[in-house]
Amino acid sequence: MNLLKYVNKISILCLIGLLFATELKAQNNTTSPYSYYGLGELMNEDILNSTGMASLAYRNGGVLNINNPAALAHIDSLRFIFKLGLVAKYSNLQQGDDNDFVNDYNLSKISFGFKVSSKYATAVSLIPYTSLGYNMTKRELVEGGDEYFYRSQVGSGGLSQLVWSHGVSLTKNLSVGINGIYLFGNNTREEQIIPEGSYSYSYNSSTKLISEGIHFNVGAQYKYEFKENSLVLGVKYQPKVGVNAKLETEVLNLNVEKYSDTDHGKFDVPETYGVALGFNKGKQFWLGADYLNERWSETTKFDKSNDLLDRNKFSLAMAYEANDGYATKMLKKLTYRFGAFYDTGYMRVENERIKTKGLSFGVGFPMARGKGMINLSFEFGQMGTTDNNNVREDYGRFTLEMSLFERWFVKRKYQ
């Protein structure tokens with residue numbers, strides 16, 4: 001395969017990425033009422049092979065671990081890897097005695113990467129960062145009066161990340177990496193207030209946060225080998241960076257002229273620390289534990305406090321590759337994965353911190369002739385609480401991920 005063919009294939013994948021970006025901006029990845037707060041509901045980090053987590057200490061020749069770009073230095077030097085993910089989420093929202101069932105079906109990610117040299121690899125990925133998808137209506141009492149009004153609030157959109165990742169091996173055991181991130185998209189929030197029993201007056205407002213900014217994070221991995229086993233220490237750091245944005249506001253009262261305004265400014269992505277430890281027993285068993293801290297309490301939006309909390313996330317994951325290289329039965333060719341996490345979240349509602357916890361399991365099916373892997377996973381989780389009239393979301397998330405491998409830089413031999 002010559003260089004022109006490589007360029008043509010990369011061009012096709014970039015076109016697919018642009019189409020995917022358009023589709024990603026046009027849909028919501030959540031229907032959670034908690035997406036009202038902050039920048040919206042935080043999407044999971046780039047999930048590795050549907051394990052339910054993205055470990056900073058995980059590395060594999062067929063996996064693009066952009067959560068820690070240092071891991072890219074260890075992908076297969078002969079493989080071009082293309083990954084596409086789809087997700088379906090089913091939720092039961094409970095508040096007091098009321099229940100509501102909602103669901104979402106979305107594309108979740110697209111990425112491709114390859115080894116440029118024996119020590120350097122690169123990848124390009126498109127993944128969601130935050131999402132808005134709430135629709136709430138409340139009957140409220142006029143302050144200081146005895147009349148009621150209806151307040152309707154609707155949120156849609158979200159922010160996406162276009163990530164260009166680089167991983168380099170400095171020594172046999174140490175690798176480092178960097179993610180350059182272009183953050184884009186818009187969060188649209190609409191509100192309508194109508195007095196009960198009268199439509200002679202209404203208040204309508206719309207705000208749109210439009211983002212087009214750049215930030216970055218860095219990572220490193222160190223591997224310590226003993227006998228046939230190894231330990232991998234993974235770390236990650238992201239500085240607090242102000243991302244360029246503009247805030248468009250429109251207000252319309254019935255029979256009154258519309259007011260509109262555009263404010264240019266920035267919002268912060270939080271300073272982030274992450275550390276993980278992974279244990280490999282031979283080539284078949286892996287166990288990892290991660291801790292992530294995001295300092296949202298120190299961030300601002302257009303020079304105003306976000307009134308958010310620092311987020312702490314704890315994760316565990318296990319993977320077992322049943323195939324020892326000699327397997328003939330299907331069950332012994334599969335890869336089995338399990339994960340668990342506890343996330344303190346970054347918001348407080350009615351004096352209650354909105355936490356999330358969950359369990360996941362997944363199975364990887366190898367394609368014929370080593371052409372790729374099809375990964376299926378299911379995650380069951382719970383977000384929020386019914387205390388203080390809050391909403392508890394019990395959800396199930398099903399993920400389908402296709403990783404396609406193509407062997408590059410190999411001379412074909414014909415007889």
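Residues numbered from 1 in each chain as written. Predicted model: local features only at pLDDT ≥ 70, side-chain atom pairs only at ≥ 80, totals over all residues. Heavy atoms only, no water.

Trainee: Just give me the short version of the packing of aromatic side chains, but keep the residues and values in it.
Mentor: We describe a pair of aromatic rings using the distance from one ring centre to the other and the angle between the two ring planes. In this structure the tally under the stated criterion is 12 aromatic pairs. Between Phe 80 and Phe 114 the ring centres are 5.7 Å apart and the planes differ by 20°, which places this aromatic pair in the stacked class. Pair noted here: Phe 80 is in strand β2 (residues 79–95) and Phe 114 is in strand β3 (residues 98–115), with a separation of 34 residues, a long-range link. Under the relative-accessibility criterion, Phe 80 is labelled buried at 5%. By relative accessible area, which is 16% here, Phe 114 ends up buried. Considering the side-chain rings of Tyr 90 and Tyr 105, the 5.7 Å spacing of their centres and the 80° angle between planes classify their relative orientation as edge-to-face. A residue pair is termed long-range when its members are at least 10 positions apart, and Tyr 90 in strand β2 and Tyr 105 in strand β3 qualify at 15 residues. (Phe/Tyr/Trp six-rings, centres within 6.5 Å; stacked < 30°, edge-to-face > 60°. Helix = DSSP H or I, 4+ residues; strand = E, 2+ residues; numbered from the N terminus. Buried < 20%, exposed > 50% of the residue type's maximum accessible area, 1.4 Å probe, protein only.)

Trainee: Which residues make up the environment of Lys 240, and what values do they have?
Mentor: You can see Lys 240 is positioned in the loop between β9 (229–238) and β10 (241–253). Relative accessible area serves as the criterion here: at 43%, Lys 240 is assigned to the partly exposed category. The sequence separation of Lys 240 and Glu 298 amounts to 58 residues, and the corresponding C-alpha distance is 8.7 Å. Discounting residues that sit within four places of it in the chain, Lys 240 has contacts with Asp 268, Val 269, Pro 270, Glu 271, Glu 298 and Thr 299. Side-chain polar atoms of Lys 240 contact the backbone oxygen of Glu 298, separated by 3.2 Å. (Contact = heavy atoms within 4.5 Å. Polar contact = N/O pair within 3.5 Å; in protein donor to acceptor, adjacent residues only side chain to side chain.)

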